[in-house]
Structure formats: C-alpha cells, structure tokens
Amino acid sequence: MHFVLKIWRQAGPRTKGYFQRFEINDITEDTSFLEMLDILNNNLVKQGIETVAFDHDCREGICGACGLFINGRPHGPDEGITTCQLYMRRFPDGSEITVEPWRSKAFPVIRDLMVDRRALDKILQAGGFISVNTGTAPEANTLPISMEKVQESMDASACIGCGACVATCKNGSAMLFVASRVSALSILPQGKPEACRRARAMVARMDGLGFGSCTNIGSCQMECPKNITVAHIARLNREFLYCKR
Amino acid sequence: MADILNAKIPEGTLDSKWTSHKESLGCVSPGNREKMHIIVVGTGLAGASAAAALGEQGYRVNVFCMGDSPRRAHSVSAQGGINAAKNYRNDNDSVYRLFLDTIKGGDFRSREANVYRLAQVSNQIIDHCVALGVPFARDYGGYLDNRSFGGSLVSRTFYARGQTGQQLMLAACSALNRQMAKGTVTVHCRQQMMDLVVEKRRAKGIITRDMVSGKIDVFPAHAVVLATGGYGNVYFLSTNAMNSNGSALVQCWKKGAFFANPGFVQIHPTCIPVHGEHQSKLTLMSESLRNDGRIWVPQKREDALALREKKIRPSEIPEHERDYYLERRYPAYGNLVPRDIASRAARERCEAGLGVSKTGWAVFLDFSFAIARQGKKVIEDKYGNLFQMYEKITGENPWKEPMQIYPAMHYTMGGLWVDYNLMTTIDGLFAIGEANFSDHGANRLGASALMQGLADGFFILPYTLPGFLADKTGEPCPDPSADAFLRARSEVCRRIERLMSMKGRIPVDHFHRKLGVLMWNHAGIVRSAEGLKETIPQIDALETSFRQGAGIPGNSFTVNQELEKAIHLEDYFILAKLIVTDALYREESCGSHFRTESKTEEGEALRDDKHFQHVAAWQYNSQEKDHLLHKEQLVFENIPVTERKYK
C-alpha cells in the first residue's frame, strides 16, 4: 500500500510548528499505524533526517502512552481502540493521512507528536485514591460487594489516561477522565468515606490546571478507546452536588 | 567465595523464618525517616508499591520513570491475574501448596525461603488491593472469584476481567499519588537511569538523563532500589513494551552487582504469531484463555498445508483428525501445563510440519467447545476484551474460527542476585520485582509476576530496607559533587557523545532486529551447545557493524528516540552475550532452559541436580571471557526434589 502523510513537526514547546509531507510505499495491510511510523522513521534515518517523535510503549492498547490525532479524530477512525491498535488495512490505498498531536491548552507539545500530559496525574494527586496505609486492610472478603457494583466500577476503572477525551473536547475539559476515577472509587464501599472530598478536590484541581468546563457535548464518550460513558460524568456531578450541600 | 554470596537466609523452620527475621531487623525512628533519602528506579507494580509503602513510613523517596506517567509501566499489560493462597474455593489450597507449586513450576531452581515468604504474604496483597479499590471479579454473593492458571491444580488466581495488571497498577499508582500529594514521594518522569554511583562497594546514587532536555543529572541517596523489570527486549520481538529495557540492570552489573541465572528467560505459549517483517512487537493472549480453550493442530500434514493456503477452514477438520497434543501428552494437566512445556510442545508440532497460519508457525486455540458448553455470554464476560484485541490485530473473527497462537519471548526469571533482604551484592542497592532473580527459578508460573512485584514492593522491601538503614541514621546524604558522582557523570556524557558521533545511515532497529533473530534461534525455546557457541562471535560481529554503520540524526539535547534506542541496544549486546554464556554453562535442561543434549527418551527436559542445583551468579569483568562465576547451592529441606511431572 501507498500513503501520503501530513505530519505535524514542532521542535519544542515554544517553537512554531508546521505540517511536513511524506510519501510512504510498500506498506502491508497487517502493519500497525505505529509500525508504519517506525518504517517512516527508519527511512528518515537513512536520509540523515531527524525522526518524528511520538509517544508509545505497550503497543497493545493498555498503557495509554500513544495518542495521535489522525484525520481529525483521536486514535483514528476506528472506535474502541488506541492508536497502537489501528492497522493500515483500515485506510484506503493511496489515501492522504493527517497526523497531529493532542491539541489542548493543558497538554503542551513537547516535540512533534509528543505532548506533556502530566496535568492528568496532578488531578489524580488531588484525591484519586483511597487513603489506606499498607498493611492495615481487613481480610478481603470481609465486605461483600455485589457483582453489578464491581462491574460498574470496573467499567469506569478501564480508563488508561491517554487523554483522548481532553483532545477531542471543544472545551479541552478532562471531565470524563476525572469522572471515571471518581466513579470507579465512589461506587465501591471502600471509596465511600472520601467520596465527597475526592470529587471536590479533583474538580478544583482540574479547573486550576487549565482544563475547560464540561458542556455536555459527549464527544469524549465517542472517542474514548475504552468506551467509558458520560453516565460517569452524571455520577461525578451528583457526588459534587451532594458535597456542596 | 561463600562469603560473597551469603543469601542471609534466617534460621528456624520454614514458616517461622520471615516472622523471626522481621523481629530481628532494625527500625528507623519516625523522626529520622525524613532525613533518609531513597531512590526507586521504575514505577511498575514493584517500584510503585515500594515507593508508596516507604513514603507512607515517612522516608524521602525519589522515583524515576521513563514514561510521562508512572501508570504506564509495563505491569499494566498483565492480563490474567494474580495468585494468592486464600483457599476461597475450598479446594485445599494453602501457603504450602502455593509454595510447592512455585518451586516445582520453577523446576527446583529457586530459593525455598524466598518462595515460602512470597506465598505467605500473597494473601495480604489481595486484602490491600481490595482496600485500595481494585474491582476484582466477584461471584453473585459478592465474594471474590478465582480462576485457574497453568501449573496448578487449585483455583487461586484473582482477576479483574482481562486487565488485572492495569487495575493493580492503578491501585499502586494511586497509593503513590497519595504520597506525592503528601510530599514524601517525588516522581521524576521521562528520566532514564544511565549509571549507578558506587563508592567503596556501597550504592550512593544514580546518574540520569532527562529524555526531553538531554540533561545529565546526579541524584544521591542512602539506598537505591532497582525496579526496572526484565530484559526480554534483547530478543527484539517480545511481549514486552517498547520502552522496557535492560539498561539499568547492565549498569548495576558493571558496577559490581552479580547477575543471577541470566539464561532463564520465559517464552510464553499463547501469543499472536509473527506475521510480517516490520512487526515491532508481539501481543500476548492471556494464559487464562487456556482455562477454556483447547490447543490443537491437524494430525495430517496435508491438512496443515491446506490450512496455510486457506484452502480449508479449521472447523472443517473433523474431530478425529485433530491432535490435541497437550491433552494427549499431559493428561493430568492437559492444556494447563506450565508455560515452558506448552511452548516447547507447540514448537515441536510446528517443526514436525503440522503448524498452521501462512508461515506454518502457529497452532490453534479453540473455544468452540467452551462456547457450546457454557454459552457465548459466559465466554464473552470472561474474555471479551481479549477476543476483541485478537480480532483487531489479526483481522479474523475468533468467535467463528479458532485463534492462532505461537510462543513468544515474555519474561525473564534471571536478574540481579539478591539475598533474603532483596539486597544485591552492592551494599545499599536493592532489586525488586522482575529485576531480581529470586522467586521463579527456571520458569515462572502464570499470575505470579504480579504477586511477586507487589509482595516485594508492599510487604518485603518496606521491612528489609529500613533494616539496612537502621544503623545509618547519622550518615548525611552523599555529596553529589563528590568525585564518584562527577566521574560517573562525565562517563555518561562521553558515552552519549560517542553514540552521537556514529556517522552511518543505518537505523538502530536494523541491528536490534538481527540480534533478536540470533537470540531467538540459538537461545530461545531450544538451545544447543553448538548453536550457543557460534552465537557469541556473531553478536560481536553485529556489534561491530552497528558501531560502523548506525547513525542517529539530530542532537542529544532534545527528544531523540533514536539515541534512546542506541543506548539500549549497546546494553542488549552485553546482555545477549551474558544470556548465551549462562545458557552454555548450564549443561542441563530445567524449566524454560532446554538443552538438546539433556533430555529423556520421551523428549522431556532432563535436569542434572548433581551438577547444577545452584544459582549461577555472574560477576562482571571488563574482559568478557573472564566474567567470574559464583555458585549459590540450593538446598531443599522442606520439599522432596523430584522430577517435574505434569503427565
């Protein structure tokens, strides 16, 4: 297969970026999108040109490191997958593909397609945990939890922290990310005692870090590679309102 | 010699060793802890849990990770589950049985006392993880559910769908985040450890490279904890993440930490087969699939050929013309034999010309029976995301036709030699999780890596490391402007300059891929003296051509992923030769290590306890041929040393 790639190049956070055009040939259908970029980069090395920087690690859709804006959509055209799970068979032969980094105020570009997502961890540090010291926990089966509750918590907890929800949001809001953590913990009895403080602290931190507000568009749910739904945002809002009382 | 390799195993009966040892360990008073600086390198389950637990106690912990967030460490990819001896199924599980299975699974090449301790703390891990909010699967009554894994006759694996590693990682990171908020722990992201600073055989700190600015920095500490995982990426194609690497291990080895059993590497039987020459990594399909999937190949070669050419579909082959070779050869364990055995059996069938897929290097993992018996809904609940993943990668629907799988490089049992306190042969340097060698012997059982990482990090190191620090509270943190630091720093700078000055135009990947093929062919599932002997000169030749032909565009003062690859590859050359040296030395077959010269008449592995019932710990020498071998004899007092039988 043959493709024309329009890839965002940017030397550093304060440098002006631009699109660079590349042609790439002899790509097989079972090549993954990131492997296609590997091939491109190896071709660049052969010409002595600086390679395209992009984040990636596990390449099986679970670490959350990769994240490219492909043809205007985070993680590309398919639903329910990360960039590393996208295969070239998904694109028509000869097509032009535009590749950009996540674009959001809270995620400054580091270089090319690589962005700084540390703001997400800063939100978690505000309260995305259960305060229990190592060694103090009671026997695991002391507290039965219904299967449905656990599954609901697991649905929310599937978040891999890739930032696609932020990248796709017109407001640059991290609401789905925050909601998934708040929801995952506050559904469980272990997370209840801090539920109120957690919701307030995490939302406050999100606001403080330059993320936008949620206006219920729902594009985050559309683009989430782990199919996390806005129902969790509803739960977050409820937790938050209870706290205000 | 015995003095150098003192494992410091406590006296007393097996079940009292850990308790009495804890009582004998010193403590640091709460007021003194904030003066004690600890470095943790790596934020997988072991590193994150250790840093969090030490932070909770009040130590000053600096954590280093290569990714943009600790949560991305490769523990996140573990799918199947985590073992614990809870006996929730009432199927006669116990601490002793978990210990027994682990020792036997490791083919009697691990240390009794360490493994018993691992089994002892396993239950606490589950308790703590539930408290941290891990949504482990539960049954209708709301109690925790279990599933079975290879190498065990009881059901003791706890799981969270197919994302157990990720859920545990989130839990460990949440504990870490809590400590960051408190200010006890500082996490440094996008930092790579470049060297260990050692003075008078004591670890004093580390040298790091900032992967964004290229800045080379020094960090002093009272103790350094290495939690950098394994070195499976030596083989290029593996289930490891792309950034997992063995560089920190190599630096520590060069500085005097002994490397134990480097040749023990695990090849996982259920991975998506290699399909193309540009493939960057291999994807694991969880071992839990072997609970319900049956592994088979056709009995007739012409069927195998027809399948490769897609002239027939697998479901068209009638039942009596299929060979369920694991069930046939190992009736007691069937499809649940340990990983090494399943991998060798798959290779044997493919060598015999019965492999499927277009390359002929794959076998079937068939769920049609389980779907017929249990219903699609049940199977979907258990493995839905794995089926989806398989379909995305291969473009084939596993609900209709069986999956195709083949073994792939997965995990390294070998690692830095550590004593009972998890301290290496360098004072103040600890190694935990996959980075050490201690618990899995010659083969790791499924769902035991997560257990070991969290055992080391949450429940063992937080006792033994303070024990080391107890008499050092008067010591100030080492001075980063001391000679040892400056020397190590300038050495790192020189190394980077040397790599950047390579003027070729061949990408680093090209050489790494070649190294991988060499290692897979000669030091993979099956090894022979002949093959191993010819490998080292080939690695040397490859390294020479790398230095002459490779090139790194750009500079070292910004993100330069080619430079990162080159740094790792230099270290992989060293590790590759160490793996081969160890595999050549060990003239027996045990666990994952199968030497063609040492097998039974039936073709099963033949151990040589008389000559090799020991840990092979290698001491670095700048003259490669002169790496010094130290042996730690393994003593089994509580378990009869038997032939490992799964028939």
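Residues numbered from 1 in each chain as written. Chains lettered and ligands numbered in written order. Predicted model: local features only at pLDDT ≥ 70, side-chain atom pairs only at ≥ 80, totals over all residues. Heavy atoms only, no water.

Peer 1: What is the right way to read the sheet that holds strand β7 (residues 202-210) of chain B from this model?
Peer 2: Sheet strands pair by backbone hydrogen bonding; their relative direction is either parallel or antiparallel. All names here are of chain B. On the basis of which strands lie adjacent, the open sheet formed by 3 strands has the order β6-β7-β8 and antiparallel pairing. Looking along the sheet, the strands with just one partner apiece sit at the ends: β6 (191-199) and β8 (216-220). On average, each strand axis in the sheet is inclined to that of its neighbour by 25°, with strand direction left out of account. As paired elements, β7 and β8 share 5 bridges and run antiparallel to each other. Note on β8: the bridge partner recorded for Ile 207 is Val 218. Helix-sheet contacts for helix α14 (residues 483-500) involve β6, β7 and β8, and the interaxial angle to β6 is about 140°. (Pairing = 2+ DSSP bridges. Helix = DSSP H or I, 4+ residues; strand = E, 2+ residues; numbered from the N terminus. Axes fitted to C-alpha atoms, helices over the stretch in contact; angles between N-to-C directions. Contact = heavy atoms within 4.5 Å.)

Peer 1: Would you take a moment to explain the environment of Thr 136 of chain A for this structure?
Peer 2: Position of Thr 136 of chain A relative to the elements: it lies in the loop between α2 (118-125) and α3 (147-157). Among the polar contacts made by the side chain of Thr 136 of chain A, one reaches the main-chain carbonyl oxygen of Asn 133 of chain A at a distance of 2.6 Å. (Polar contact = N/O pair within 3.5 Å; in protein donor to acceptor, adjacent residues only side chain to side chain.)

Peer 1: Where do I start with the confidence of the model for chain B in this structure?
Peer 2: Parts of the prediction with low pLDDT should not have their coordinates interpreted in detail. When pLDDT is averaged across chain B, the result is 95; 100% of the residues are at 70 or more. Scoring the predicted complex yields pTM 0.97 and, for the interface, ipTM 0.98. (pLDDT = per-residue confidence, 0-100.)

Peer 1: Before we go on, may I ask you to explain the pattern of salt bridges in this structure?
Peer 2: Any two side chains of opposite charge can pair if their charged atoms end up close together. A complete count under the given rule lists 69 salt bridges over all chains for this structure. For Arg 103 of chain A, the salt bridge is made with Glu 100 of chain A, and the minimal N-O distance between the two is 2.8 Å. By relative accessible area, Glu 100 of chain A is classed as buried at 15%. Here the salt bridges do not stand alone but share partners, grouping Asp 107, Arg 109, Asp 340, Arg 344, Arg 586, Glu 588, Arg 607, Asp 609 and Arg 644 of chain B into one network. (Salt bridge = Lys/Arg side-chain N within 4 Å of Asp/Glu carboxyl O. Buried < 20%, exposed > 50% of the residue type's maximum accessible area, 1.4 Å probe, protein only.)

Peer 1: What should I look at first to understand the sheet that holds strand β1 (residues 37-41) of chain B in this one?
Peer 2: Residue and element names in this part refer to chain B. With respect to topology, 5 strands assemble into an open sheet ordered β5-β2-β1-β9-β17, the strand pairing being parallel. Taken across any chain shown, the strands that pair with only one partner, and hence form the sheet edges, are β5 (185-188) and β17 (429-431). Neighbouring strand axes in the sheet, compared pairwise and without regard to direction, differ in orientation by 20° on average.

Peer 1: It is not clear to me how unusual backbone geometry should be interpreted in this structure. Could you clarify?
Peer 2: Residue His 75 of chain A is not a glycine yet carries a positive backbone phi of 60°. In this fold, His 75 of chain A is placed in the loop between β4 (73-74) and β5 (96-100). Residue His 75 of chain A is classed as buried on the basis of its relative accessible area, which comes to 0%. Phi is positive for Lys 200 of chain B, which is not a glycine, with a value near 50°. Here Lys 200 of chain B is to be found in the loop between β6 and β7.

Peer 1: Help me understand the domain arrangement of chain A, please; the structure alone is not making it clear to me.
Peer 2: Bring the parts together and some accessible area is lost; that lost area is often taken as the interface size. All names here are of chain A. Partitioning chain A into domains gives domain 1 (3-111) and domain 2 (118-244). Using C-alpha coordinates to define each centre, domain 1 is positioned 29 Å away from domain 2. The contact between domain 1 and domain 2 buries some 1,400 Å² in all, and 58% of this surface belongs to carbon and sulfur atoms. Contact with domain 2 buries surface across domain 1, with Pro 74, Ala 106 and Phe 107 losing the most and accounting together for 31% of the total. On inspection of domain 1 and its partner domain 2, the count reaches 1 salt bridge. Close ionic contact of Glu 223 with Arg 73 constitutes a salt bridge, the shortest N to O distance being 3.0 Å. Along the contact surface separating domain 1 from domain 2 lie 3 residue pairs in polar contact (both at pLDDT 80 or more). The residue inventory of the side of domain 1 that touches domain 2, partitioned by class, reads 9 nonpolar, 6 polar and 4 charged. (Domains from an automatic or database assignment. Buried area = accessible area lost by both parts, 1.4 Å probe. Nonpolar A, V, L, I, M, F, W, Y, C, P; charged D, E, K, R; others polar.)

Peer 1: Is there a simple way to think about the packing of helix α15 (residues 508-523) of chain B against helix α16 (residues 529-549) of chain B in this case?
Peer 2: Helix packing for two helices is described by the angle between their axes and how far apart those axes are. Residues and elements named next belong to chain B. One way to put it is that α15 packs onto α16 with a least axis distance of 10 Å and a crossing angle of 180°. The pairing of α15 with α16 is recorded here as roughly antiparallel in orientation. Between α15 and α16, the contacting residues are Val 508, Phe 511, Lys 514, Leu 515, Leu 518, Met 519, His 522 and Ala 523 on the first element and Gly 531, Leu 532, Glu 534, Thr 535, Gln 538, Ile 539, Leu 542, Ser 545, Phe 546 and Gly 549 on the second. Grouping the amino acids of the contact of α15 with α16 by side-chain chemistry returns 10 nonpolar, 6 polar and 2 charged. (Parallel < 35°, antiparallel > 145°, perpendicular 65-115°, else oblique.)

Peer 1: Would you explain the interface of chain B and chain A in this entry?
Peer 2: Counting residues at the interface gives 76 residues for chain B, matched by 75 residues for chain A. Taking both partners together, chain B and chain A bury about 6,500 Å²; carbon and sulfur atoms supply 52% of that area. Note that Asp 68 of chain B is salt-bridged to Arg 117 of chain A, the shortest N-O span being 3.0 Å. Here chain B and chain A share 38 residue pairs in polar contact (both at pLDDT 80 or more) between them. Put simply, the parts of the chain that give the side of chain B that touches chain A at least two residues each are α3 (45-57), α5 (112-131), α6 (164-182), α12 (376-394), α13 (449-469) and α17 (561-585) of chain B. The element that contributes the greatest number of residues to the side of chain B that touches chain A is α6 of chain B, accounting for 8 residues. Its residues placed into classes, the side of chain B that touches chain A shows 31 nonpolar, 28 polar and 17 charged.

Peer 1: Would you mind going over helix α10 (residues 339-351) of chain B with me for this structure?
Peer 2: Helical geometry: 3.6 residues make up each α-helical turn, so side chains three or four residues apart lie on a common side. Residues and elements named next belong to chain B. Taking 1.5 Å as the rise per residue, α10 with 13 residues should run 18 Å; its terminal C-alpha atoms sit 18 Å apart, in good agreement. Here α10 lies mainly inside the structure; 10 of its 13 residues are buried. Inspection of α10 places Arg 339, Asp 340, Ile 341, Ala 342, Ser 343, Arg 344, Ala 345, Ala 346, Arg 349 and Cys 350 among the buried residues, and these make up the whole buried set. Contacts made by the buried residues of α10 are with β11 (265-271), β12 (294-298), β13 (322-323), α9 (325-329), β14 (363-366) and β15 (403-412). One or two positions beyond α10, positive phi appears at Gly 353, with a value near 85°. (Expected span 1.5 Å × (residues − 1).)

Peer 1: Hey, could you run me through the side chain of Asp 78 of chain A in this one?
Peer 2: Within the secondary structure, Asp 78 of chain A sits in the loop between β4 and β5. On the basis of relative accessibility, which here comes to 17%, the residue Asp 78 of chain A falls in the buried class. At 2.3 Å, the side chain of Asp 78 of chain A forms a polar contact with the side chain of Arg 90 of chain A. Every residue in contact with Asp 78 of chain A, bar those within four places of it in the chain, is listed here: Leu 86 and Arg 90 of chain A together with Lys 392 of chain B.

Peer 1: Looking at this structure, I do not really get the packing of aromatic side chains. What am I missing?
Peer 2: Working definition: an aromatic ring pair is given by the centre-to-centre distance plus the angle between the planes. All names here are of chain B. Summed over all chains, the structure comprises 29 aromatic pairs over all chains. Note on Phe 430 and Phe 468: the rings are 5.7 Å apart at their centroids and 75° apart in plane angle, and the pair reads as edge-to-face. Residue Phe 430 is located in strand β17, and its partner Phe 468 is located in helix α13; the two are separated by 38 residues in the primary sequence. With respect to burial, Phe 430 and Phe 468 carry one shared label: buried. (Phe/Tyr/Trp six-rings, centres within 6.5 Å; stacked < 30°, edge-to-face > 60°.)

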